[in-house]
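Listed here are the chains, written in short residue letters.
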Amino acid sequence: MTHPPQGPIPLTLAVNGRELALHVAPWTTLLDLLRLHLDLTGTKKGCDHGQCGACTVLVDGTRINACLALAVMQDGKSVTTIEGLSRGDELHPLQAAFIEHDAFQCGYCTPGQICSAVGMLAEGHAEGPDDIREQMSGNICRCGAYPNIVRAIGEVMGAGR
Amino acid sequence: MIPIPRMPGLLEGPTTQVGKPVSRVDGRLKVTGAARYAGEHAIPGLLHGYVVSSAIAKGRVTRIDTGKAMAVPGVVHILTHENRPDLAWLDRKWKDQDAPKGSPLRPLYDANVSHSLQPVALVVAESFEAARLAARLVEVAYEAEPHQTSLLMNRDITFTPGKDKGGFEPPPAPRGDADAALAAAEVSVDLEFTQAAEYHNPIEMHASTVEYHPDGSLTIHDKTQGVLNCQSWVCGVFNLPKSSVRVLSPFVGGAFGSGLRPQHQLFLAVLAALALKRSVRVELSRPQMFSFGHRPETWQRVALGASRDGTLTALVHEAVQESSQAENYVEIVVNWSGQQYRCDNVRLDYRLSRLDVHTPLDQRAPGAATGVPALEVAMDELAWKLGMDPIQLRLKNYAEADPNTGKPFSSKELRACFRQGAERFGWPDHLPPPRSMRDGRELVGWGMAAGVWDAMQNPASAKATLGANGKLSIATASSDIGTGTYTVLAQVAAEVLGLETADVAVEIGDSSLPQAPIQGGSWTVSSVGSAVKAACDQLAKRLHALARDAEGSPLAGVGSVRFADGHVVAQDDPSRRMPIQQVMRAAGLPVLEEKALSVPYALGRLRHTLGTHSAVFVEVRVDAELGTVRVTRVVSAIAAGRIINPKTAGSQILGAVVWGVGMALEEEAMTDHTLGRVMNHDLAEYHVPVSADIPDIDVVFVEEHDEVVNALGAKGVGEIGIVGVPAAISNAIFHATGVRVRDLPITVDKIRAGLAALP
C-alpha cells in the first residue's frame with residue numbers, strides 16, 4: 001500500500017500486518033506518522049515527551065513509546081497498534097477484560113495501557129498484582145482506573161498460565 | 001411547617017436496569033481505538049496551529065519578528081495581536097457559563113501580558129512539524145513589569161469576594177462568638193494549613209479541530225465539558241449566528257474541570273479558520289497544559305475548641321486563595337465547616353488575593369477538596385488531644401440538621417458510612433498510640449476522615465425516540481468525560497420503558513441536541529438523567545394510551561400499566577400485555593418521539609440541604625528512615641442516594657481516591673517566583689499517581705433513600721470520592737510517625753524534617 005510522500009526518506013513498515021511503502025521527513029515521530037499520516041488515531045498523544053505512555057505501541061512485539069521513536073528508524077519493522085489487536089469483531093482478551101473490569105473511564109490512555117499490557121505479558125516478568133503495578137507504571141491513567149487495570153491484566157495473565 | 005408534596009414522577013423500586021453493574025456501552029469503541037477525540041478528526045487540507053507562549057509573567061509585548069518563522073517551508077500564516085482580525089470588545093461577549101466576575105482573557109487582543117505562558121502568537125502551517133518548528137523561531141521582545149506570583153507573600157493583601165461565580169455562596173454570617181469561645185475552651189487546637197496549586201492534566205491535551213465549510217459555517221471538534229457553552233462563546237466572541245457553529249465532543253479524554261470553560265486553543269483555532277477560510281487544528285503541548293486553569297494555592301487556619309467530653313464549643317475556619325488580576329475565581333472552601341458539625345460558635349472567613357497568574361478553575365470537588373481536609377485534620381488533632389476515638393468525636397458532634405441554615409438534610413447516611421467503613425477496614429475500638437505500630441523498617445498508621453459535597457441539579461432537556469424495531473434513541477447535549485454518562489442514561493431510559501440497556505442508543509456531545517448543562521459538580525445524572533427519565537415517562541404515557549385504544553387490545557380499559565420485557569403490561573394482571581412494537585404497528589406509527597425539560601424540585605430543595613457524604617479509612621506505611629510513604633489500604637464508604645450503576649460509580653470513587661492520593665502526597669505546581677512561572681510543567685516533574693502508588697481500593701456504597709434530590713433519587717458521585725482522602729492520609733501518616741505535616745503535598749522532605757524534630 002502506497003501513501004503520498006510526507007518527506008524525502010523512503011521507509012517500509014508493516015503496520016498491523018499491512019506492508020506500507022512510505023516517504024517521511026526525518027523528524028517525523030512514529031507517533032505522528034501513525035496519527036497524522038496513517039490516520040491510526042487509536043495511538044494517543046498525551047505528552048509527546050515519553051512521560052505518560054499513552055502512545056505505547058508494539059514494535060516487533062516490544063512495547064515502546066511511539067513519541068520517542070523516529071519513524072525513519074523503524075525501517076523494515078513490524079508495528080502493532082491498538083487497531084491491530086482485535087481480529088474482526090473478536091476482541092483481544094485484554095480488550096475484553098478492560099471492558100469487563102471497567103479498567104478505563106475517559107478511554108484516552110486505554111490503547112496505550114492495553115498495548116503496554118500485551119508487551120508486559122510477553123516479557124514474562126510479572127508474577128502477581130504487585131509486579132503488574134510496578135511494570136505498568138509507565139502508563140499514567142489520570143482517571144485513576146489503576147485498581148481495575150491491575151484486575152483486568154491479572155485475569156488475562158492468570159488465564160494464560 | 002406544612003409538609004411538602006411528594007415529588008412527582010419518583011422512580012420506585014425494585015428496578016431491573018437501574019442499579020445493575022452494566023459495562024460501559026461505549027467500552028468497545030474505547031478499547032479498540034475507534035473512539036475519536038477532539039484532535040483526531042482527519043479533514044482534507046487541514047492546517048495545524050502551534051501556540052507561542054509568553055516568556056514573562058507580566059508586561060507588554062514590544063516587538064514580534066516572524067521573519068524566520070515565516071521562512072519555514074509549509075508555514076501559511078502567523079497570527080499575533082498586531083494582525084488579528086476584529087473581535088468583540090464588550091466583556092460580556094467573552095463570558096462563558098463558568099466565568100467568574102471580571103474580565104475574561106482575550107488571547108492576542110493587545111500587547112498586554114497578564115501571566116506566564118499566555119498565548120502571544122499562533123503559527124499556522126501545512127504540517128504539525130512545520131508549525132512546531134516555526135513557533136520556536138518566532139522572536140518576541142517584551143517589556144517586563146514586576147509581578148507577584150506568591151500567595152504566601154501576598155496573603156495579607158486580600159479582599160472579600162461577593163457572589164462572584166455561579167454556584168458560589170459566601171460564608172454564612174458568624175453564629176455566637178467563636179473567638180471568645182475558642183479562648184475559653186477547655187481543649188483547643190489552632191492550626192495553619194497550606195496547599196500547593198494543582199493542574200488538571202487530563203491525559204488528552206486540549207485540542208480543537210475546526211472544520212471550515214464553504215458557506216463559512218464551522219463544525220468544531222473540541223475538548224470540552226460543555227458543547228453549548230463553547231458554541232455560545234464562539235458565537236459571542238466572533239459575532240456568528242448559532243446556526244453557523246456546531247460544536248461536537250462525543251469523547252473527551254478526561255477533563256476534571258479543565259474543560260468547563262472554553263480554553264484558548266478553541267479561540268485560536270476558530271480565529272485562524274475564519275482568517276484563512278480553511279480548516280485548522282490547534283493542540284496544546286503538555287507544558288502549555290500549565291497555561292490555563294488550576295486548583296488555586298490556598299492558605300487556611302482552622303481552630304477548634306471543645307469541652308473535655310468532646311462537645312465542639314468553637315470553630316473558626318479562615319481561607320485565603322489566589323485569583324488572577326482580571327477575574328474573581330471563587331470556590332466554597334470554608335462553608336462546609338459550618339455544615340459538617342454541630343457547634344454554637346462559628347466564624348467562617350473566605351478571601352482572595354490577586355496574583356499575576358491565569359485565572360484558577362474548578363478542579364474535582366473545587367473548594368471541598370481544599371477546605372474539608374483542613375477541617376478533618378483539625379478534628380483528628382482535637383481527637384488525639386481529647387484522647388477520644390476520631391469516629392466518636394465526629395459522632396458526638398454529628399449534625400442532624402444543617403447547622404448553617406437549620407434545614408433538615410434530604411437524606412444523610414453519614415453514620416452508616418462511619419459504621420460500614422470502619423467495619424470493612426477493621427477499625428479498632430481503641431486506636432494504638434501514634435508511632436506504636438512497626439513492621440520491619442516501616443511505621444504503620446491508620447487514619448480516617450469524613451467528606452461532604454452538594455447534590456446539585458440544573459435544568460436539562462432530552463429527546464427520546466422509539467423506532468418501529470423497538471429500539472430507543474436518547475439525545476441530549478451533555479458529555480461523557482469518562483464518568484459513564486452514556487451508560488447510565490441508557491440504563492435510566494431502559495428502566496422506564498422496560499427495555500434492555502443494550503436496546504438504547506445514546507447520543508451526546510453535540511450542540512445541535514437538546515439543552516444540557518456543562519458537565520461538572522456531580523450534577524449530570526441528577527440533571528440529564530432526570531431529563532431522560534422525563535422524556536421516557538412521556539413516551540410511556542403515549543404508549544399506554546395507544547395500547548389502550550388499539551383495536552382488540554388486551555389492555556382495553558386498563559388504567560394503570562407498567563413496562564417490562566418490551567411489553568406494556570397491566571399493573572394488576574400480568575397476563576394482559578402487549579409488545580411495544582405491536583402497539584406502534586397498531587397505531588401505524590413508524591417512530592414515536594418525545595422531548596422533555598426537567599427542572600429541579602424547587603420546593604423540596606428550598607426546604608432541605610442536599611449533599612453526598614463519605615467516610616474514608618486509610619492505612620499507610622512510612623519508611624522510618626527515608627520518610628517515604630506508601631498508601632497500602634483504602635476503604636471509602638459513600639452515601640450518595642441511589643447508585644444507577646455500581647460499576648461506573650465505583651470507578652468514579654476509585655479515581656477520586658487516586659486524586660486524593662495525588663493531592664496528599666504528590667501533586668504540586670512549583671513556581672519560580674523570580675520568573676513567575678511553573679517550573680515543573682510536564683508529567684515527569686509534576687507528579688501524579690501511577691499504578692505502583694495505588695493499592696486495592698475498597699468502595700462501599702451505603703444504602704440511602706432520597707425523595708427530594710430528583711426523580712431518580714441519585715445524588716451524583718464525581719466529586720465526593722476525593723473529599724475526605726487527603727485528610728485520612730495525613731491523619732494516618734501522623735498515626736504512623738507522630739509527625740504532622742499541614743502543608744500539602746506531604747513529601748519526603750517534610751516528613752524527614754518532622755522525624756528529625758521528634759523528641
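Along each chain, numbering runs from 1 in the same order as the chain's sequence is written. Key to labels: chains lettered from A, ligands numbered from 1, both in the order written. Confidence filtering applies because this is a predicted model: local features only for residues at pLDDT of at least 70, side-chain atom pairs given and counted only at 80 or more, and all residues used for totals across whole chains, interfaces and linings. Where side-chain values are given, they derive from all heavy atoms of the structure, hydrogens and water being excluded.

Visitor: When you look at the overall build of chain B in this model, what are you seeing that I'm missing?
Guide: Across its full length, chain B holds 18 helices and 31 strands. We compute the radius of gyration from the C-alpha atoms alone; for a globule the expected value is 2.2 Å times N to the 0.38, where N is the number of residues. Here the C-alpha radius of gyration of chain B, 27 Å, is about what a compact globule of 759 residues would show, namely 27 Å. In terms of overall dimensions, chain B has a C-alpha envelope of 90 × 75 × 50 Å along the principal axes. Accessible area is worked out with a 1.4 Å probe on protein chains only. A residue is then buried under 20% of its type maximum, exposed over 50%, and partly exposed in between. Within chain B, buried positions represent 66% of all 759 residues. Note on definitions: a residue-residue contact is assigned when non-hydrogen atoms from the two residues lie within 4.5 Å. In chain B, 80% of the contacts between residues at least 6 apart in sequence involve partners at least 24 apart. Going along the chain from the N terminus, every DSSP run of H or I of four or more residues is numbered as a helix, and every run of E of two or more is numbered as a strand.

Visitor: Help me out: how do you make sense of the sheet that holds strand β5 (residues 112–113) of chain B in this one?
Guide: Think of a sheet as strands paired side by side through backbone hydrogen bonds, with each pair either parallel or antiparallel. All names here are of chain B. At least two bridges found by DSSP between two strands is the condition for calling them paired. Read across the sheet, three strands follow the order β5-β2-β7 without closing on themselves; strand pairing throughout is antiparallel. Unpaired on one side and paired on the other, β5 and β7 (139–144) mark the two borders of the sheet. Two elements, strand β2 (residues 59–65) and β5, share two bridges in a ladder whose sense is antiparallel. In the sheet register, G59 faces β5, and the bridge partner there is V113.

Visitor: Explanation requested: the side chain of S691(B) in the structure shown.
Guide: Among the secondary structure elements, S691(B) is positioned in the loop between β29 (677–678) and β30 (697–701). Not counting residues up to four positions away in its chain, the partners in contact with S691(B) are R133(A), M136(A), S137(A), Y146(A) and V150(A).

Visitor: Could you clarify how one ought to interpret the domain arrangement of chain A in this entry?
Guide: Residues and elements named next belong to chain A. What the domain assignment lists for chain A is domain 1 (9–84) and domain 2 (93–159). Each domain's extent is set by a domain assignment, obtained either automatically or from a database. Computed over C-alpha atoms, the centres of domain 1 and domain 2 are 21 Å apart. Across the boundary between the two partners, domain 1 contributes 15 residues, which contact 16 residues of domain 2. Summed over both partners, the interface of domain 1 with domain 2 comes to about 1,200 Å²; 56% of that surface belongs to carbon and sulfur atoms. Salt bridge, as used here: a side-chain nitrogen of Lys or Arg that lies within 4 Å of a carboxyl oxygen of Asp or Glu. Counting every contact that joins domain 1 to domain 2 gives one salt bridge. Measuring nitrogen to oxygen at the nearest pair gives 2.8 Å for the salt bridge that ties E123 to R63. Buried area counts how much accessible surface, traced with a 1.4 Å probe, disappears from two parts once they are put together, with both parts' losses summed.

Visitor: I keep staring at the pattern of salt bridges and nothing clicks. Help me out?
Guide: A side chain with one charge can pair with a side chain of the opposite charge if their charged atoms come near. Tallied over the full model, the rule gives 54 salt bridges over all chains. Here R36(B) makes a salt bridge to D39(A), at a shortest N to O gap of 2.8 Å. Linking R36(B) in the loop between α1 (27–31) and β1 (47–53) with D39(A) in the loop between α1 (30–37) and β3 (56–59), this pair reaches from one chain into another. Assessed through its relative accessible area of 27%, R36(B) is described here as partly exposed. The exposure class assigned to D39(A) is partly exposed, which follows from its relative accessible area of 32%. Between E400(B) and R415(B) there is a salt bridge, with its nearest N and O atoms 2.8 Å apart. One end of the pair, E400(B), is in the loop between α9 (390–396) and α10 (414–425); the other, R415(B), is in helix α10, with 15 residues separating them in the sequence. Classification of R415(B) as partly exposed rests on a relative accessible area of 36%.

Visitor: How should I be thinking about the packing of helix α11 (residues 485–497) of chain B against helix α12 (residues 524–549) of chain B in this particular structure?
Guide: Each pair of packed helices gets described by two things: the angle between the helix axes and the distance between those axes. Residue and element names in this part refer to chain B. Interaxial distance between α11 and α12 falls to 9 Å at its minimum, and their mutual angle equals 30 degrees. Judged by the angle between their axes, α11 and α12 are roughly parallel. In this structure, the crossing between α11 and α12 has a hand that is right-handed. Counting all contacts with α11, which are made through T485, V488, L489, V492, A493, V496 and L497, the residues of α12 involved are T524, V525, V528, G529, V532, K533, C536, D537, L539, A540 and L543. Counted by class, the contact of α11 with α12 contains 13 nonpolar, three polar and two charged residues. Interaxial angles span 0 to 180 degrees and are taken between N-to-C directions of axes, which are lines fitted to C-alpha atoms, for helices over the stretch in contact. Here the word oblique covers every angle except those under 35 degrees (roughly parallel), over 145 (roughly antiparallel) and from 65 to 115 (roughly perpendicular). A crossing counts as left-handed when the near helix is turned anticlockwise from the far one by less than a right angle, and as right-handed when that turn is clockwise. Three categories are distinguished: nonpolar for Ala, Val, Leu, Ile, Met, Phe, Trp, Tyr, Cys and Pro, charged for Asp, Glu, Lys and Arg, and polar for the others, with Gly belonging to the last.

Visitor: Sorry, what's going on with the domain arrangement of chain B here?
Guide: For interface size, the figure often reported is the accessible area lost on association. Residue and element names in this part refer to chain B. You can read the domains of chain B as domain 1 (27–35 + 458–599) and domain 2 (367–456 + 606–757). Each side of the interface is counted separately: domain 1 has 16 residues, and domain 2 has 16 residues. Taken together, both faces of the contact between domain 1 and domain 2 bury some 1,200 Å²; the carbon and sulfur share is 58%. Summed over the three residues of domain 1 that lose the most area to domain 2, namely S522, V525 and S526, the buried surface amounts to 36% of that side. Our count for the domain 1 to domain 2 interface comes out at zero salt bridges. Under the rule applied, a polar contact is a pair of N or O atoms within 3.5 Å (in protein, one hydrogen donor and one hydrogen acceptor; residues adjacent in sequence only if both atoms are side-chain atoms). Our count for the domain 1 to domain 2 interface comes out at eight residue pairs in polar contact (both at pLDDT 80 or more). Mapped onto the side of domain 1 that touches domain 2, the elements with two or more residues apiece are α11 and α12. Here the residues of the side of domain 1 that touches domain 2 sort into four nonpolar, eleven polar and one charged.

Visitor: Help me out: how do you make sense of the pairing of strand β13 (residues 298–306) of chain B in this one?
Guide: For a regular strand, the rule is simple: side chains alternate between the two faces of the sheet. Residues and elements named next belong to chain B. Here β13 lies mainly inside the structure; nine of its nine residues are buried. Residues T298, Q300, V302, L304 and A306 point to one face of β13 and W299, R301, A303 and G305 to the other, with burial holding for every one of them. Bridging between strand β8 (residues 187–195) and β13 involves nine bridges; their strand directions are antiparallel. Among the inter-strand pairings, Q195 is bridged to a residue of β13, identified as T298. Strand direction decides the pairing type here: β13 and strand β14 (residues 312–323), joined by nine bridges, are antiparallel.

Visitor: Looking at this model, I keep getting lost on the packing of helix α5 (residues 227–238) of chain B against helix α6 (residues 264–276) of chain B. Mind explaining?
Guide: All names here are of chain B. Two elements in contact, α5 and α6, have axes separated by 11 Å at closest approach and are oriented at 50 degrees. Here α5 lies oblique to α6, going by the angle between them. By crossing handedness, the relation of α5 to α6 is classed as right-handed. Taken together, the residues of α6 that come into contact with α5 (itself represented by C230, W233, V234, V237 and F238) are L266, F267, V270, L271 and L274.

Visitor: How do you make sense of the sheet that holds strand β21 (residues 504–507) of chain B when you look at a structure like this?
Guide: Residue and element names in this part refer to chain B. The four strands lie next to each other as β21-β20-β19-β25, forming an open sheet whose pairing is mixed. Where the open sheet ends on each side, the last strands, each with one partner, are β21 and β25 (591–598). Across the sheet, the axes of successive neighbouring strands diverge by a mean angle of 15 degrees, strand direction being ignored. Pairing of strand β19 (residues 460–467) with β25, which is carried by eight bridges, proceeds in the antiparallel orientation. Bridging from a neighbouring strand, A462 pairs with A596 of β25. α11 rests against β20 (472–475) and β21 of the sheet, and its axis sits at about 135 degrees to β21.

Visitor: When you look at the interface of chain A and chain B in this model, what are you seeing that I'm missing?
Guide: Listed as interface residues are 48 residues of chain A and, on the opposing side, 57 residues of chain B. Here chain A and chain B share an interface that buries about 4,400 Å² over both sides, 54% of which is from carbon and sulfur atoms. Three residues stand out in chain A for area buried against chain B, namely Q105(A), R142(A) and Y146(A), and they jointly supply 19% of the buried area on that side. Across the chain A-chain B interface, the total number found is eight salt bridges. Run the count over chain A and chain B and you get 29 residue pairs in polar contact (both at pLDDT 80 or more). Every element with two or more residues in the side of chain A that touches chain B is listed here: α1, α2 (93–100), α3 (110–123), α4 (129–135) and α5 (146–159) of chain A. The leading source of residues in the side of chain A that touches chain B is α5(A), at five residues. Residue composition of the side of chain A that touches chain B, by class: 20 nonpolar, 14 polar and 14 charged.

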